[in-house]
Amino acid sequence: MTATQPLLDVSGLTISFRQGGSDVAVISDLSFAIQPGESVGMVGESGCGKTVTGLSLLSLLPPETAKVSGRIGFDGVDLTKLSPRDMQKIRGRRIAMIFQEPMSALDPVFTIGQQISETIRAHFPVNAREARERAIDALAAVGIPLPARRYDEYPHQLSGGMRQRAMIAIALSCEPRLLVADEPTTALDVTVQAQILDLLLALTAKSGTALLFITHDLGVVAEACSRVLTMYAGQLVEDAMVDDVLTRPLHPYTSGLLRSLPRLSAAKSVLPAIPGRVPTNAEWQAGCRFVPRCSHALIACDAPQLLRGEEPHRVRCGRYSELSLPGVLP
Amino acid sequence: MTPLLSVEDLRVYFPSGQRGETVKAVDGVTFSVGAGETFGIIGESGSGKSTLARAMVGLIPPTDGRIFHAGQDIATMSGAEFARHRRSFQIVFQDPNAALDPRMSIGQTVREPLDIVNADSRADRDRRVLRLLDHVGLNPELALRYPHELSGGQKQRANIARALALEPKLIVCDEVVAALDVSIQADILNLFARLQAELGLAYVFITHDLGVVGHVADRIAVMYLGKLVEMGSADQILHHPLHPYTKALLSSEPLPLPKAMRTGTRIVLEGEIPSPVSPPSGCRFRTRCWMTQDKCAEKEPAWLKYGADRWNACHFTDFNRDGEASDRAPSAAMPPAH
């Protein structure tokens, strides 16, 4: 990777939600960068803060309850400092997002075409006819057959795979520099998932759009991304190239996650599950948050841990240099 | 030996709202499951696998065909006889949350089947509940808790405890780990394996997850649009698939492997599963199959036996086997388990 200016440069991002008079932390001191055109995965289990991170990049967290601090640098501008009005010019135009459930992300009372045109007209000085033409092109680009006819159809008239294509069409209609994709294939069947992954990768490669791919599926990351951020309990615990993390993970949690995949154990054998469970936000400690489940933990691990190691492989584990942890290969 | 569960040419149709249409959710399925065995059924949404699951345990009456529990046709049983009989055939569902009554404590939920059967004293039943919770790895203190106080994995354990309460011989597991995180999923799969070893249970494991089914199943059936397209041992299905749909399914699964090791050619199917209201003529898979020919639209491929307990329904199976089977087999890309 060249030392160009990163497209996205998040540093010290900390997010909490106001809940019943107290603040509940959801993201602690998150720092990572995405280069122009790069495809980066973000993995972790439910509650680790993946979705909140994605939403924060577009200022989509509810301002009444969410407290965001730190810096979200995008193209040299700190997004956390922008007025809602200026952010609106970036959202949908420079940074777009797609979601897991296209049925709830699309508005049921507007046609697919209206929803794409609306996005285009919000960002470009075009009239309704031109917007319609561009929307039909966008539908064609995502492989929707008979795009001129689909333009006038409502979300419920489309199948799950077609709805996800329509959502991608909306997101890419303004040629954003960064696409945040939050579990975009999780609700789809595996044969349709393969289609959508191929489509996403082809379209983003063509337009040079960078991708932040949020998922719990390590197979999807291996397929779609070159780098992966592993999240645990609101912290980034490992940031590495995908192939490196699959073969030689440096964090015990990442290793445990990989080893617990049924695919990697002999049929019928006991799966190496990670003992215990993910701590609730109230249980987060100042030191390494994985300590209660980690078989390598020492007393020193109870002290706060920083991201260590050399680019491009950083890990939040004080013992990483002494441990040799298994990845997908034993 | 009589199989524990067998299903013969089972059909389950539902009337669909408009224009008197019929949804043929399950449309002629035949298989059997032996005692202590794990039988996997894989298929995508809309394949009819959940309807099949419910019909197997008598929760949905079949439109046609027969279901045998330990050799006895459940349609010929009297109500009382069936009520007694069905205790041996339990089901666990996908969403651990929806399957628990939020107003009942975990202890009440697990005790409910025992209350209905009403065999022992109340004190014995309560003691049995504590043993069941312990058996599925839940702290017996959780008996007094309510579902919202439990994590997803704990809730699924409670559902399993309830299914075990009446000492079944077979449990139908309908996407039981689909809603759980990877690390919890491994825990629950280990629990199922331990219970099987201790209690000699048989499982029908219904899932869309090839990694899961490959890990747990002895035999696997592949379902597409209401019908089985292929059935055989887990090894045969995952490593030497015959049917083009099975091959496509296997090759679609994204594998968590470094680039250099992902060598298999991916078969990306076009389109999506058609509507079960008007399935395609002939072979139902033909609209998405890359090797379809005129014959496929004209004639439905027969469900034929290939070797010991190996079944397949495709007009071109011999072609597959001799021609493209070896280099198309995508699961070969996965390293052998150690």
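Keep in mind that this is a model prediction, so the values were computed, not measured. Every chain begins its residue count from 1, and numbering advances along the sequence as written. Lettering of chains starts at A and numbering of ligands starts at 1, both following the order in which they are written. Since the coordinates come from a predicted model, pLDDT governs what is reported: local features require at least 70, and pairs of side-chain atoms require 80 or more to be given and counted, while whole-chain, interface and lining totals use all residues. Side-chain measures were taken over the full set of non-hydrogen atoms in the model, leaving aside hydrogen atoms and water.

## Considerations on the packing of aromatic side chains
Residues and elements named next belong to chain A.
Consideration 1: Side-chain rings of Phe, Tyr and Trp, where Trp is taken by its six-membered ring, are said to pair if the distance between their centres is within 6.5 Å; with planes under 30 degrees apart they count as stacked, over 60 as edge-to-face, and otherwise as tilted. Scanning the model with the defined rule gives 11 aromatic pairs over all chains in all.
Consideration 2: A ring pair is formed by Tyr253 and Phe290, whose centres lie 5.4 Å apart and whose planes are at 65 degrees; its orientation type is edge-to-face. Here Tyr253, found in helix α11 (residues 252-259), pairs with Phe290, found in the loop between α11 and β11 (314-315); they are 37 residues apart in sequence, far enough to count as distant. For the residue pair Tyr253 and Phe290, the accessibility class agrees, reading buried in each case.
Consideration 3: One aromatic cluster is present, formed by Tyr232, Tyr253 and Phe290 through successive ring pairs. Helix numbering and strand numbering both begin at the N terminus, where a helix is a DSSP run of H or I of at least 4 residues and a strand a DSSP run of E of at least 2. Partly exposed residues are those whose accessible area sits between 20% and 50% of the maximum for their type, while under 20% is buried and over 50% is exposed, using a 1.4 Å probe and protein chains only.

## Things to note about the pairing of strand β1 (residues 5-16) of chain B
Regular strands show a simple pattern: their side chains alternate between the two faces of the sheet.
All names here are of chain B.
Consideration 1: In this scheme, strands are said to pair when DSSP sees at least two bridges between them. Examined bridge by bridge, β1 and strand β2 (residues 21-33) share 10 bridges and lie antiparallel to one another. Within β2, the residue paired with Val12 across the bridge is Val26.
Consideration 2: Hairpin connection, β1 to β2: the antiparallel pair is bridged by 4 residues, and Arg19 has positive phi, about 55 degrees.
Consideration 3: Relative to strand β4 (residues 64-69), β1 runs antiparallel, the two being bridged by 5 bridges.

## Some points on the interface of chain A and chain B
Consideration 1: The interface of chain A with chain B comprises 44 residues on the first partner and 43 residues on the second.
Consideration 2: A buried area of about 3900 Å², summed over both sides, lies between chain A and chain B, and 55% of it is on carbon and sulfur atoms.
Consideration 3: Of all residues in chain A, A:Thr191, A:Arg263 and A:Lys268 give up the largest surface area on contact with chain B, accounting jointly for 20% of the area buried on that side.
Consideration 4: A pair is scored as a salt bridge if a Lys or Arg side-chain nitrogen falls within 4 Å of a carboxyl oxygen belonging to Asp or Glu. In this assembly, chain A and chain B are joined by 5 salt bridges.
Consideration 5: A salt bridge links A:Lys268 to B:Asp218; the nearest nitrogen and oxygen atoms lie 3.1 Å apart.
Consideration 6: What qualifies as a polar contact is a pair of N or O atoms within 3.5 Å, subject to a donor-acceptor requirement within protein and to the restriction that residues adjacent in sequence count only when both atoms come from side chains. There are 21 residue pairs in polar contact (both at pLDDT 80 or more) connecting chain A and chain B.
Consideration 7: Every element with two or more residues in the side of chain A that touches chain B is listed here: α7 (160-172), α8 (190-207), α9 (218-224), α10 (242-247) and α11 of chain A. Residues count as neighbours in contact if any of their non-hydrogen atoms are within 4.5 Å of one another. A quick way to say it: buried area is the sum, across both parts, of accessible area lost when two parts are put together, with a 1.4 Å probe.

## Points about the side chain of B:Thr317
All names here are of chain B.
Consideration 1: Following the sequence through the fold, Thr317 ends up in helix α11 (residues 317-328).
Consideration 2: Within the structure, Thr317 has its side chain in polar contact with the side chain of Asn312 (distance 2.2 Å).
Consideration 3: Separated by 3.2 Å, the side chain of Thr317 and the backbone oxygen of Cys314 make a polar contact.
Consideration 4: Setting aside residues no more than four positions away along its own chain, Thr317 makes contact with Leu242, Tyr306 and Asn312.

## Re the sheet that holds strand β5 (residues 77-78) of chain A
Residues and elements named next belong to chain A.
Consideration 1: Here 4 strands make up an open sheet; going across it, the order is β2-β1-β4-β5 and the pairing antiparallel. With one partner strand each, in any of the chains shown, β2 (22-34) and β5 form the two edges of the open sheet.
Consideration 2: With 2 bridges connecting them, strand β4 (residues 66-74) and β5 associate as antiparallel partners. By the bridge assignment, Gly73 is partnered in β5 with Asp78.

## So, the sheet that holds strand β10 (residues 227-233) of chain B
All names here are of chain B.
Consideration 1: Taken together, the 8 strands give an open sheet; going across it, the order is β6-β7-β8-β3-β9-β10-β12-β11, and neighbouring strands pair in mixed fashion. Only two strands of the sheet have a single partner each, and these edge strands are β6 (89-92) and β11 (304-305).
Consideration 2: As paired strands, strand β3 (residues 38-42) and strand β9 (residues 219-224) are joined by 4 bridges and run parallel to one another. Considered in β9, the bridge of Ile42 is made with Val222.
Consideration 3: Its contacts with the sheet put helix α5 (residues 152-164) on β6 and β7 (170-174), and the angle it makes with β6 is roughly 170 degrees. Axes here mean lines fitted to C-alpha atoms, for a helix over just the part in contact, with angles spanning 0 to 180 degrees between N-to-C directions.

## Some thoughts on the domain arrangement of chain A
Residue and element names in this part refer to chain A.
Consideration 1: Each domain's limits were defined by an automated method or a database of domain assignments. Taken domain by domain, chain A comprises domain 1 (8-225) and domain 2 (256-315).
Consideration 2: Here domain 1 and domain 2 have C-alpha centroids that lie 29 Å from each other.
Consideration 3: Of the residues lining the interface, 8 residues belong to domain 1; the matching set on domain 2 comes to 10 residues.
Consideration 4: Roughly 730 Å² is buried in total at the junction of domain 1 and domain 2, and carbon and sulfur atoms are behind 62% of that figure.
Consideration 5: Between domain 1 and domain 2 we count 3 residue pairs in polar contact (both at pLDDT 80 or more) in total.
Consideration 6: Counting residues per element, the side of domain 1 that touches domain 2 draws most heavily on β2, at 6 residues.

## As for the side chain of B:Thr246
Residues and elements named next belong to chain B.
Consideration 1: Here Thr246 shows up in helix α9 (residues 244-252).
Consideration 2: Within the structure, the side chain of Thr246 is placed 2.8 Å from the side chain of Glu230, a separation counted as a polar contact.
Consideration 3: Apart from the residues lying within four places of it in its own chain, the contact partners of Thr246 are Val222, Val229, Glu230, Ile237 and Pro241.

## Describing the pattern of salt bridges
All names here are of chain A.
Consideration 1: A complete count under the given rule lists 40 salt bridges over all chains for this structure.
Consideration 2: Measuring nitrogen to oxygen at the nearest pair gives 2.8 Å for the salt bridge that ties Arg227 to Glu38. With Arg227 in strand β9 (residues 227-232) and Glu38 in the loop between β2 and β3 (39-43), the pair connects residues that are 189 residues apart, well separated along the chain. Side by side, Arg227 and Glu38 carry an identical accessibility label, which is buried.
Consideration 3: For the salt bridge of Asp78 with Lys81, the shortest nitrogen-to-oxygen distance reads 3.4 Å.
Consideration 4: A residue is classified by how much of its surface remains accessible, and Lys81, at 66% relative accessible area, is exposed.

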